[in-house]
Structure formats: C-alpha cells, structure tokens
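Residue-level structural notes
Chain by chain, the residues:
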Amino acid sequence: MSEIIRDQIDIALMVNGEPVEARVPAGQHLIDFLRLELGLTGAHASCEHGVCGACTIRVNGDAVRGCLMLAAQAEGAEVWTVEGLTDSGEIADLQEAFVARNALQCGFCTPGMLVAAQELLSRGGAPSREEIREHLSGNYCRCTGYEAIIDAVETVAGDRAGKGTA
Amino acid sequence: MTIQFGNPDRPNSYIGKTVPRPNAGRLVQGRGRFVDDVVLPRMTHVAFVRSPYAHARIGAIGFEAARRVKGVVRVFTGADLAAVCTPWVAVLAHLKGLKSPPQYPLAVERACWVGEPVAAVVATTRAAAEEAASLVEVEYEALPAVTDMMSALDEGTPVLHPDLGDNLAFRRVHEEGDVEDAFAKAHKVVSAEFSTARHTGVTLEPRSILVDFNPAEGQLTAWHATQAPHMMQTVFAKHLDLPESRVRVICGDVGGSYGIKVHVYPDEVAAAAIAKVMGRPVKFVADRLESFTTDIHARDHKIKARIAVDADGRILAMDVDDWTAIGAYSVYPRTSAIEGNQVVNLCGGPYDFANYRASTTVVFQNKTPTCQYRAVGHPIAVAITEGLVDMAAAELGLDPVEIRRRNMYADDAYPVTSPAKMRFEGLSHHASMDKLLALMDYDALRADQAEARARGVHRGIGIASFIELTNPSPFMYGIGGARISAQDGCTVRMDPDGSVVALSGVTEQGQGTEAMLAQVVAEGVGVSPDKVRVITGDTQVTPYGGGTWASRGAGIGGEAALQSARALRESILTVAAAMLQSDPEKLDIRAGAVVDSDTGEERLSLEELGRIVYFRGDTLPKGLPRELVQTRHFITSDYPFAFTNGVQASYLEVDVETGVVTLLKHWCVEDCGRIINPQLVDEQIRGGIVQGLGGALYEEIHYDEDGQLLNGSMADYLVPMAAEMPDMVVGHVETPTKESLLGAKGAGEAGTAGAPAAVMNAINDALRPLGACVTEMPFTPERILRALGAIEG
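Rules and cut-offs
- Residues numbered from 1 in each chain as written.
- Chains lettered and ligands numbered in written order.
- Predicted model: local features only at pLDDT ≥ 70, side-chain atom pairs only at ≥ 80, totals over all residues.
- Helix = DSSP H or I, 4+ residues; strand = E, 2+ residues; numbered from the N terminus.
- Rg over C-alpha atoms; globule rule 2.2 N^0.38 Å.
- Contact = placed C-beta atoms within 7 Å.
- Buried ≥ 20, exposed ≤ 12 C-beta atoms within 10 Å, placed from the backbone.
- Pairing = 2+ DSSP bridges.
- Axes fitted to C-alpha atoms, helices over the stretch in contact; angles between N-to-C directions.
- pLDDT = per-residue confidence, 0-100.
- Core = buried A, V, L, I, M, F, W, Y, C linked by C-beta atoms within 7 Å.

**Here we look at the overall build of chain B**
- Across its full length, chain B holds 19 helices and 30 strands.
- Taken over the C-alpha trace, chain B has a radius of gyration of 28 Å; the compact-globule value for 793 residues is 28 Å, and the two agree within 12%.
- By principal-axis analysis of the C-alpha atoms, chain B measures approximately 90 × 70 × 45 Å.
- Of all intrachain contacts in chain B linking residues separated by at least 6 positions in sequence, the fraction that spans at least 24 positions is 80%.

If you want it as structure tokens, here you go:
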C-alpha cells in the first residue's frame, strides 16, 4: 500500500527524560498521546483549540499547547510535563509558592499555568506584575481571579533573583 | 463547653487561621484525579449526535455509516433510552404555577435547542465515537423557533410546548406597602432599563462522567464531576429504576463548578442509562462546543425598574419588572424559575424602605436551558438596585456613599424583615461601608479622579452594597418536593495511631472545603490539622448531605464537622478519664494529647489511648463506652437562609475614543460571619469578583434569530484573563450567625454578586459629565461608544 495514506506513524521522542517509542494515529494530538498512551494526566485537555492553556507542556524548551500539536510532530522532540518537572525538582519552589499562596483552587489549570510561569521565570530577572500577567494571559483560570497566581510567581521570581545574586 | 473564638491564644486555635489545603500539593504536581483521568477495564466512550436546529421534528435516524466505523459498539436513539429511563419534569411545588414538559435523556420526536442530544454512539475510543457520531444521518423537519424574550408571550408567537398552552413557564408578583401612592408622592422618580447577558460558567474541566454498571450485583457506580453526589444518586436511582442503595456516586477532583455541575444533564443521564443497558463502563466528557451549547446558561434578563425618593434621598419605593428566558426546559431538579424568583427576593436588599413591587416573568424559548449559576440572581438584583440608587443620588446631587448611608438598615436594627419578606438575623452594612471607605481612601480617590478629569482622563468610582443568600434551609428546594438535602452530616473517627478521619457530605470543588473541614475538626477534637484526613464525595462512604451549592459548605458542613468533632472529643475524654482515674471535666485534648485542663500537663497521648482501645480493650472497665466514631448532622431552622452582606468598589478608566474600560483596582468588604480560613475566604471573594467582572465587561452568549449559537468557542466567548484583571483589596466585618456554634455563613458568591454593579456604577460615574449612561451588560467598547453618541444605530 502507498505510504501517502498511512494512518499510523512511528515516533521516537524523549518524555520527561525517558525515551519513548510508539506507533500513533496520524491525527492524535500530543496532549492525547501523553494522557491516553503514557498516562501522564497532569496536563489537561479543555478548549482543544489553543485558547485556554490547560494543556501547556514544554516541547524543545518552549511552552507549547499540547492540543495544537500532533503526536507525530513530536518525532525527536524533548517533551516535559508537570510530572517530569516535579520529579526533577525544577519547579519545586514554584509549586511550594502556589500552595502557600493558594494560587490554585480546582487545580485544573495549574499544571499548564506552572509550565507557562516557569518559561517566564527561566528567562531570569524579576518580571513586573504586569509582565507576569501578560505572560500568563494565555492561561485561563476561572477560580482564582489570577491575583494569587501573580503573587506566587512574583514571589518566586524575587526569591530566585535574590539567590542568583547571593 | 464553648470555644473562645475571640481568644487567638486558646488551645487548638485552628479556626480563624490560614492553614494549607491538604489537596493542593497533589494538584500542583499534576496528581489530581479528575473523571477523565479514570480508566476502567472494558471502558467505552459515548459521543452524542446533537441537533443543529433550534427547533425541529426528528424523523428517521440512519446509523449505517456510523456502524461501519472501526470500534463502534452500539448506537442509541431517544426511543431506545426512553425505554430504560423515565423522563423528568423540573417543577417545584412552592414555585406556584411553574410548568415544564417531560424531558428525556435523548430528544424524542422533537429537538428544542441547538445542541440537544438526539442520538448516541458508543465506541471503544473517543475518537471512534466522535467520528461515528458525525456520520449519523438524522432527518430533521425544521419548526419555527422562539428566540425573542419579550415577544415570547405574544399571540403570534408559536407555542414551544403545545401541551403547556403557552410559553409562560412561571410568573411571580410580590407587592408590599402602597407602591403607587409612594411613587405619586415622591420628590423624585428615576426609571431605567437594565439587561444582563446570557452567560455560561466555562468550567475549565468540561462536564465529565464515567458510569459502570455491574449486572451481577445490580450496582451502578458513577465517577462524576458534580457538586451534589447524593442528589445524583437519587436521580439515577429514580429514573433508571434502581434501588438508591445500589447507586454509588463518586466525586473526586472537580475542575471548576460554579453551579454548572449541580444540575441534571440529559447527556450525563444518557451515559448512565447506556452503562446500565450495556453492563460495562461508559465515559462522557463534553468537548468545548458541547460545553457552550449544553452547559446551563444563566443571567439572560431584561428589566424595567424605577425608584422613588424623597428630598433627602430616602428611598420610598421600588418597582421592578423582570423578564427572563430560560430556554426550552426548566432544568431538573432545581428548576429554572429560581433565578427570577431570587431577583424578586433580593432587589432593594440593603435598604430600609416600605413599598416594594417586583415581578418576574419566566418564558420558554428555543435556546440552551438556563439555571442556577454562581450568585444566582444576585448580580441582576444588585445591578438594578445599585444602578437606581446611584441614578437617584445623581438626580439629587448626593454623593453615592451618602445616599446609601441614609438608606441602609442600621447595624443595630436586627432582626428585621425586608419588604421582599426576607428575614435578616444580623448584618453590618454601615460597618462594612466604613471599612471599605478606609481601605480605598475614598476621598483621595475622588481627588485623583478630579485631577484625572482635569487632564481629560475619564475615571470613575462605583460602589455597590449587597446582600447574599447563604446556608439555605429546606425552604430553598426541599419544601417544593425536591430530594435535595439542606441538612449535612459529618462522621469523625479516631484511628489507633491517634489520627482522625472526617467523612463529610459537603464536597470539594477547589474552594478549599477539605482544608476548612480539617481545621474545624482539628480544633473540635484537639489535634493538629495535619492529623485529620478528610474524605468527601462518595455516597457509599460519607454521611448523606447536600454537597456544594448556595454557599453552604462552611456554614452547614462546617457546623456538622464541629459538632461531630466535639462529640468525638467527649468520647475520647470518657475513655481517658477511666484510664487516668480522673474526671473528664478536668481533662482536655491539646495537640494530639490528653492534658490536664488546668495546667496543660500532658497525661496521655492519643496514640497510646488508641492502642489501648483498639488492642487492649480488656484492660478497660467492662461496659465503658469506647465509641471513637461520632456522627452529627446540622440543619438551619431559625431562619430560612443566613444572609450575608458586603460592599464593593471599582475604580476604572474609560477611554472615550475607543470605548475600552481599564480596571484600575477593586475593593470588597464582606461579612460572612465567622471566618474559618482567612486566605480561603479572600480567594473565594477574589475569584468571585473576577467572575462578576467577566459578566460586566466581556461575557455574552450570542444567538441569531433562528436560535443558532454564534460564539461557541473560547476564542469567541470572552472570559477574564490575567492581563485585564485588577488587583483586589479584600476586607471583612464578622457578624457570626447565632444559629450555630461555628457562626459561619457563606462566602463563595459575594464577589460575583456585587462586582458587575460596582463596574456599571464606576463607568457611569466616569461618563456622567459627558451625559452618557450604560445599563446593558456586558459593557463592551461598542456599547460605551454608542452611549457616548460616538457611533450610531
């Protein structure tokens, strides 16, 4: 049969630091692959057209919408989800600040919110509240009203900047 | 023994303190367990074929192409499910005259709104179910659609449900005093028309349910993103002909509710019916378009109202004519007449006046059904009331604060009954206003506004006082015949290691219920909160209760938890007294140990007491009560509802060239009685405010005249995002309810109740020098520019 109408595609990628090989349906979104095939249910599917940010994950260093990318496009990619970022300890301070400030209520947006916030913080410096708000403006949270999230990210930015100069 | 709440140094003083939420750590690590995360053996997925017409007769349904999709297991029509699931009718006896037709899990014969489920396809994967559903061929015969609210009762308008006779679902008229006489004698009468847009909740987690049926046991188990597990247990049992004892509803993590997930949805009942037919697990998770077309909508009201004042600005009378269109069905079992009814109950709420007339007219139309959504009716009533009060103040040349001071119930006036016949046990309007003005530095803000105006910058300050209905008694639903529990219960037990488990009938939707319960139980027993494990959301495990709605978790569920914890404390001390040969009255439990109550000296750890009771009961006196499990229930009985009060303020800037509103800051002072966890209360207020701000500035479901929903995506239905939202200052006055030892009232809806009115008044304050006024929400740039006369038509 012709290669042109393949509906299954073989991919090899790194997910949370571990090699993964899989045969995926051509139309499967990366978020569904992570959730359904790998059991990584931290990131969530919600609006499924790139607006709400609940599916935000890290692909090759960038915060990416897992619902706007096909699993097949992740061939060779390095993917990190909240589970991997938790295990590595990379966002431990951010997670601690979110809990301390109650910067989450239902928690459905939180894994995506954390990946987006970490992308901003990893650039270094101490972003202003306005810059934090702007950077997180693609991540919808219906519960908190955002202020606690901004507070938590601002606190961590300050702490990290302080440690960096110490 | 009472608890010295006023003494922050008392032993075990966890009530009133910010303690961390036990479930937050799991959620930040992505270890939440939402319904879509649950996978069962032999699980199937159901996708629904939904009506593309607002109103249509359903003809033949062709499943041929759908059945050919690999993975499809079974298909269902409305008739198929009607054979195994009885229809429901959403009326309540105390809402006299309310009518609604029988509703089925899948439409039978007729579809009545765009998105109503018409057929179902079950497959082994969701992708296959969705693909197959798209291939189902339904023959529709389009029928005339009723889509305009104000002409729904006109003679020429088709009747949506012919068996009901007309399109009127419900009407209530309330009149107190002599309204016409008061208006005739008034110094000034101000009239206005208001409208609030159709909203929906936009929970980030879509509605989700996974149902399994085990025919061998006759047992139905539903993992359900719901606010009311016991109510759903009753609903599934009743309509699927199962004993209630054979239905278990499990509610794990829920990704946002706000009222959206407290209703009975046809597609969710269909999933349960299909599971029962197939004898295997069926999962349904709505996609975003399904959320927009089938999650309940709310707030679609048009109001004509007027207020009469004397020369001093005293309110003489209010007259409110409210209309709302609820879609094609009243929603089961809470009904869709409650929101309009609330508008009648709540208008004029903060004010001491005598003459009041209000009516609500609730009509059917071919749109998504509306029902209770966070702060039910409050944002509408507060906008009407506070809008009129501000307009009257402007007419009289009074400051908005001053006219409110002249009319709010005095803080020592309670108990008092309002002209809407609402009974207030104790409110604090004046103290709250004082606190608000201090927090916002009102005079300095007015000076800033004047300075800005001199520069041609149009800033406005808006104030909105409000009351909020919380801690409902059976007067809300139970007296109308609905099996919705106003009572709630808590079971508290001490395990051998001295730790405590609390099982509660109220549920966690992210608001912090489990943290609140943990600290109440910790204080009640005398252990630290980390020694308390809270279990909610499982009908097979927890005491029967109502769940989360009408701001009842802390006030009702918290009191049940406190009472059960105090009872357990007594049981523990009875055993301890026998072991220590002491008097229980001379002992106390502090930080997980039995102590001498006078000296605080530790006598016995709870771990040691647990070891003796569970493993060496032989060493205790025969017949000594040793029940380390206690259950208590709580229901309010002195008042139908515990009203709270508060006041909000908005400071904003209107760009008169573009019509864009920029929110500068927002304040709220709220009196929810005893505060159990200050941080959780503040964050409920903030989240609520932003939900209200969405309604004020962005949120509006649009339909065309044929009943097609035009903005069913998150790109087209705007919700508040981080960049546009202001920082919010939250303050409190505490007037505990005397109905309970805990004294807590609800806090979850106050933010949403007052925010839209505060924004409306602030915009109009900014625009007043330009002669413009807006009363139609949301206040989009277009509406503001039209009010300014900058664009026409």
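**Structural notes on the overall build of chain A**
- Looking only at helices and strands, chain A has 6 helices and 5 strands in total.
- For chain A, the α and β elements follow one another from N to C terminus as β-β-α-β-β-β-α-α-α-α-α.
- Taken against the 2.2 N^0.38 rule, which gives 15 Å for 166 residues, the C-alpha radius of gyration of chain A at 17 Å falls within 12% of a compact globule.
- In terms of overall dimensions, chain A has a C-alpha envelope of 60 × 35 × 25 Å along the principal axes.
- Within the span of chain A, comprising 166 residues, buried residues form 55% of the whole.
- The contacts of chain A with a sequence gap of at least 6 include a subset with a gap of at least 24, amounting to 59%.

**A closer look at the sheet that holds strand E23 (residues 532-536) of chain B**
All names here are of chain B.
- On the basis of which strands lie adjacent, the open sheet formed by 4 strands has the order E23-E22-E21-E27 and mixed pairing. A single partner strand is all that each edge strand has here, and the edge strands are E23 and strand E27 (629-634). Along the sheet, successive strands turn relative to each other by an average axial angle of 20°, direction set aside.
- Here 5 bridges tie strand E21 (residues 488-494) to strand E22 (residues 500-504), and the two strands are oriented antiparallel to one another. Across the sheet, residue Met494 finds its bridge partner in E22, namely Val500.
- Its contacts with the sheet place helix H14 (residues 513-525) against E21, E22 and E23, and it is angled at close to 135° to E23.

**Observations regarding the confidence of the model for chain B**
- Averaged over chain B, the pLDDT score is 97; the fraction of residues at 70 or greater is 100%.
- Of the two predicted TM-score estimates for the complex, the pTM is 0.98 and the ipTM is 0.97.

**Concerning the interface of chain A and chain B**
- Across the boundary between the two partners, chain A contributes 40 residues, which contact 43 residues of chain B.
- Secondary structure elements with two or more residues in the side of chain A that touches chain B: helix H2 (82-88), helix H3 (92-100), helix H4 (110-121), helix H5 (129-135) and helix H6 (147-165) of chain A.

**A few points about the sheet that holds strand E3 (residues 72-77) of chain B**
Residues and elements named next belong to chain B.
- Taking strand neighbours across the sheet as the criterion, the 7 strands line up as E3-E5-E1-E13-E10-E11-E12 in an open arrangement whose pairing is mixed. Where the open sheet ends on each side, the last strands, each with one partner, are E3 and strand E12 (247-250). Geometrically, the sheet is characterised by an average inter-axis angle of 20° between neighbouring strands, direction not taken into account.
- Of the pairings in the sheet, the one linking strand E10 (residues 208-214) to strand E11 (residues 219-224) comprises 6 bridges and is antiparallel in character. By the bridge assignment for E11, Phe213 is matched with Leu220.
- In this fold helix H4 (residues 126-135) packs onto strand E1 (44-50), E3 and strand E5 (117-123), with an angle of close to 25° to the strand it touches most, E1.
- Relative to the sheet, helix H7 (residues 266-278) contacts E1, E3, E5, E10, E11 and strand E13 (282-285), its axis offset from that of E10 by approximately 25°.

**What to know about the nonpolar core**
All names here are of chain B.
- Counting residues in each nonpolar core, the largest one holds 314 residues, and the members touching the most others are Val46, Val121, Ile274 and Val521.
- Tallying contributions element by element places helix H15 (residues 553-580) first for this core, with 11 residues.
- Setting aside residues no more than four positions away along its own chain, Val521 makes contact with Val492, Val500, Ala502, Val532, Ala561 and Ala565.

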